[in-house]
Structures are given as C-alpha cells and as structure tokens.
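Letter by letter, the chains look like this.
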Amino acid sequence: MLFASRTKWMLYRLERQWQIEPRRAFARAYGLLWRRLRRQYRIDRAATLRELWPFASHVGIAQAEYTAWVQAAERVLYGGEPLSGEDAAAMRQSTMNWLRLLYQSKRRHNSPIDDIDPTR
C-alpha cells in the first residue's frame, strides 16, 4: 500500500501499534499531539491537559469527548493505570481523531488563543 505523505504513514503505523501495545501507542501519540500543538499554536510547555480545551474545540473535538480523553489520559499518565479494553478503544479513537484533525489544519497561529473562542 502506497501512502502519499509521511504524515499518513505515521498515522497508519500508530493505528497498527494501538492494536498491539496500546499504552506505548498512547505515549507516542501523546508526544506527537503535544509537538503538533506547540508547533501550530505555540503553546507553552507548562500547559496542562486541562488547558488544551480551546485548541481541541478549535479543530472540532466535542467537549464530552475531550473531557473523557483528559480523564483517561490522567489515569494512565499520572495514576499508572493500564490502558486496556474500552478505555484503550476510546483513547485510540479520540487521540487519533485529534491528531488527524490537527494535521489537516496546516495554518500556524501567531498566538495561542488569538482566534480561538474558549466558550466554544
């Protein structure tokens, strides 16, 4: 199977890794997500997961999906809980959806919140 871009190939490989090692795939996806957000929105490295809502909203993530993602991510990252079952499936779907939306949005923003409506 031929892929047109490096991004598509990376996302494809990440999807495959979710099936084999969900926790490792999440760690990789989490790193990619932060890197993309910092590049695209110039987010401060000290930002927390809960402070990312305006950026998630901006690319089209629903608030309920975002809230569930943050809670699961905190349990995995800070609580040391395993990532399996329904949590793994929900995390995979939300994380991969967010990454795809971010990579589709190529526009770089001058300031983190210039054109983002935080009430959305």
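Coordinates for the structure precede this section.
Residues numbered from 1 in each chain as written. Predicted model: local features only at pLDDT ≥ 70, side-chain atom pairs only at ≥ 80, totals over all residues. Heavy atoms only, no water.

**Some thoughts on the nonpolar core**
Then, in step 1: Counting residues in each nonpolar core, the largest one holds 36 residues, and the members touching the most others are Trp69 and Trp98.
Then, in step 2: For this core, the secondary structure elements donating two or more residues are α1 (6–20), α2 (22–41), α3 (53–59), α4 (63–77) and α5 (85–104).
Then, in step 3: Examining the composition of this core, we find that 9 residues originate from one element, α2, more than from any other.
Then, in step 4: With residues up to four places along the chain from it excluded, the contact list for Trp98 reads Leu33, Leu37, Leu52, Phe55, Ala56, Val59, Ile61, Tyr66 and Trp69. (Core = buried A, V, L, I, M, F, W, Y, C linked by side-chain atoms within 4.5 Å. Buried < 20%, exposed > 50% of the residue type's maximum accessible area, 1.4 Å probe, protein only. Helix = DSSP H or I, 4+ residues; strand = E, 2+ residues; numbered from the N terminus. Contact = heavy atoms within 4.5 Å.)

**So, the packing of aromatic side chains**
Then, in step 1: Considering all chains together, one arrives at 9 aromatic pairs under this definition.
Then, in step 2: Ring plane angle 25 degrees and centroid distance 6.5 Å describe the contact between Tyr66 and Trp69, whose orientation is recorded as stacked. Here Trp69 and Tyr66 lie together in helix α4, a separation of 3 residues that amounts to about one turn. Summarising the burial analysis for this pair, Tyr66 and Trp69 share the class buried.
Then, in step 3: Here the aromatic cluster, defined as three or more aromatic residues joined through ring pairs, consists of Trp18, Phe26, Tyr30 and Trp34. (Phe/Tyr/Trp six-rings, centres within 6.5 Å; stacked < 30°, edge-to-face > 60°.)

In short, the description is geometric, and any link to function would need to be established separately.
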